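Residues per chain are reported as follows:
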Amino acid sequence: MPIPEHSPFIEGPPQDASAPVGSADYARRKAAEAVLSRADALRRGFQASFRDQVVEGIYTQAAMLANRSVKREGEKHWDFDQRIDRIVTSPVWGLPIMLALLAAVFWVTIVGANFFSELLFNGLMWVDGQGAALFAWMGAPWWLTGFVWNGVYRGLAWVVSVMLPPMAIFFPCFTILEDLGYLPRVAFNLDWIFRRAGAHGKQSLTMAMGFGCNAAGVVATRIIDSPRERLIAILTNNFVPCNGRWPTLIMLATIFVAAEFPPAVASLVAAGTLVLVVLVGVIFTLVVSAVLTRTWLKGAASAFTLELPPYRRPSVLRILYTSLIDRTFFVLYRAILTAAPAGALIWVLANVQIDGASATAHIAGFLNPIGRAIGLDGAVMLSYIIAIPANEIVVPTLMMIYSNSTGMVEDGGYELIRQMLVDQQGWTLLTAVSLMLFSLLHNPCGTTILTMWKETGGSWRWTLLGALMPLTIAFVVCFLVANVARLLGAAG
């Protein structure tokens, strides 16, 4: 699938090869070709570190000139920054510090979000009860009450309660690191890894944006100048879990992993599990980037000079605005718009009876062989089909299907979910691992797909590749993991 000529993703202007021999245009074109050919020959003779050596020489000379002409009095703030950078950008300590900070952010998010999610959910369910009672007092038909309150409203309540508390904690923590000046150090630490995969070092920054929302991560790829490498970043951004997938991953890490440890360390184990999931996503990002750069998007990784900014004191007002207004409420508003019709669809499928069973049960039964092949079941497959507009409703949809309810279940507690999954449905650790992998690798949500289409200049070819490629990878990986585990005697 080569990049089409004259598309927004082909590097360099189109060449005019129609100039007649002997004309001035022909002579200029041949002279330009000779210069480019000579430059390419010289470039191939340089070492891979030539650009870095040139940049280092420029900055060394600039530092010498600055030291001769500038006198500093008092504290040397820049020297303090350099001391910190010797640690956080160290080949030995840089990546471990980055992973430790990521684990700390996850731990704070998990510990803080659980309490507020339950509190918010209970409040929204109280409104649900009052609204249903009001409709009954008004004499509204049962189907209208069920459609509005058990379908649309309860779907929105689930999305708000599971999304708002984690985002209200995760995004400020992420924005603090961004405002502090740490994120450019992350790009510096990961640059060599992405370069070996044929991708751009700035892709690490767009990947980090994907932790909040993959659509935002796709938009953030505009910072990459190379059209080829920007397209690679767009196609692989889905492999980092977005905020819509965190509820599912946090639930699985808490119920199936952290529950096996003492309560004092359970949250730390859950955070460590999420870091491991993120590392798996980063590995797939690098592998798929390497495959793309050697097949459909061939080319050498372009070099870039990253000037590390000085550390600065985070601005409280800027953090609150960026994390809450510009990120949290924007993503939440998008999720609400997509969750409302999804909740309505769930209610309709649950209340349409065919041969004594709901349409939900029939569809889940039809999808069950596919789900079993990858370590899951038909209910999970149906949940992900319904949740294409918003991944946040996967868990409530799954609970509704398992409980044979005619609307989304009211109780969102982890204890009820554990009883339903383990005691009633027979879920095992293999089921949880398969769902973690599928949740991490499957197709992006509807908003991200639409954003990919816009950012690729309306190219359906690249948009379909960005949607179907991760879905195919998810099925292949889960199939291999589930069947290898079964051969080794694992239950599930």
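Residues numbered from 1 in each chain as written. Predicted model: local features only at pLDDT ≥ 70, side-chain atom pairs only at ≥ 80, totals over all residues. Heavy atoms only, no water.

S.K.: Give me the lowdown on unusual backbone geometry, citing residues and values where you can.
M.R.: Within the chain, aspartate 355 stands out as a residue other than glycine whose phi angle is a positive 55 degrees. The residue aspartate 355 is located in the loop between β1 (353-354) and β2 (357-358) in this model. (Helix = DSSP H or I, 4+ residues; strand = E, 2+ residues; numbered from the N terminus.)

S.K.: Lay out a nonpolar patch on the surface in plain terms, naming residues and giving numbers.
M.R.: Where nonpolar side chains cluster on the molecular surface, the patch consists of Trp107, Val108, Val111, Phe261, Val265 and Leu268 and spans about 490 Å² of accessible area. Ranked by residue count, the leading element in the nonpolar patch is helix α4 (residues 94-137), at three residues. Note that phenylalanine 261 resides in the loop between α10 (246-257) and α11 (263-294). (Patch = residues over 30% accessible without salt bridge, like charges linked within 9 Å, V, L, I, M, F, W, Y side chains within 5 Å. Areas by Shrake-Rupley, 256 points an atom, 1.4 Å probe, with all protein chains shown as cover. Salt bridge = Lys/Arg side-chain N within 4 Å of Asp/Glu carboxyl O.)

S.K.: Give a description of the packing of helix α9 (residues 227-236) against α11 that names residues and reports values.
M.R.: It is at 10 Å that the axes of α9 and α11 come closest, and there the two elements cross at 140 degrees. As summarised for this structure, α9 and α11 are arranged oblique, according to the angle between their axes. Between α9 and α11 lies a crossing whose hand is right-handed. The segment α9 lies against α11, with Arg228, Ile232, Leu235 and Thr236 engaging Thr285, Val288, Ser289, Leu292 and Thr293. When its residues are assigned to classes, the contact of α9 with α11 shows four nonpolar, four polar and one charged. (Axes fitted to C-alpha atoms, helices over the stretch in contact; angles between N-to-C directions. Parallel < 35°, antiparallel > 145°, perpendicular 65-115°, else oblique. Left-handed = near helix turned anticlockwise from the far one by under 90°. Contact = heavy atoms within 4.5 Å. Nonpolar A, V, L, I, M, F, W, Y, C, P; charged D, E, K, R; others polar.)

S.K.: Report on the nonpolar core, specifying residues and quantitative values.
M.R.: Counting 109 residues, the largest nonpolar core has Phe106, Leu235, Val380, Tyr402, Leu421 and Trp427 as its most contacted members. The residues touching tyrosine 402, leaving out its near neighbours within four places in the chain, are Asp377, Ala379, Val380, Met420, Leu421, Gln425 and Trp427. (Core = buried A, V, L, I, M, F, W, Y, C linked by side-chain atoms within 4.5 Å. Buried < 20%, exposed > 50% of the residue type's maximum accessible area, 1.4 Å probe, protein only.)

S.K.: Pulling in residues and values, what's your account of the side chain of threonine 448?
M.R.: By secondary structure assignment, the location of threonine 448 is in helix α18 (residues 446-455). Sequence-distant contacts of threonine 448, that is, excluding residues within four places in its chain, are made with Asn214, Ala215 and Val218.

S.K.: Summarise α18; cite the residues concerned and give the values.
M.R.: By the burial criterion, the buried members of α18 are Thr448, Thr451, Met452 and Glu455. An end-on view of α18 places all buried positions within 105 degrees of arc, on one side of the element. Within two residues after α18, glycine 457 carries a phi angle of roughly 70 degrees, on the positive side. (Arc of directions from axis to C-beta.)

S.K.: An account of the packing of aromatic side chains is requested, with residue identities and associated values reported.
M.R.: All told, the structure shown has ten aromatic pairs when counted by the stated rule. Ring geometry for tyrosine 384 against phenylalanine 438: centres 5.2 Å apart, planes inclined by 80 degrees, an arrangement best described as edge-to-face. With a gap of 54 residues between them, tyrosine 384 in helix α14 (residues 378-386) and phenylalanine 438 in helix α17 (residues 429-441) connect regions that are remote in the sequence. What links up through ring pairs into an aromatic cluster is the set Phe135, Trp149 and Tyr153. (Phe/Tyr/Trp six-rings, centres within 6.5 Å; stacked < 30°, edge-to-face > 60°.)

S.K.: Account for the packing of helix α13 (residues 359-373) against helix α19 (residues 460-487), with residues named and values stated.
M.R.: Here α13 crosses α19 at 70 degrees, and the two axes come no closer than 8 Å. In terms of axis orientation, α13 runs roughly perpendicular to α19. Residues Ile370, Arg372 and Ala373 of α13 form the contact with α19, whose own contacting residues are Phe475, Phe479, Ala482, Asn483 and Arg486. Looking at the contact of α13 with α19, its residues break down into five nonpolar, one polar and two charged.

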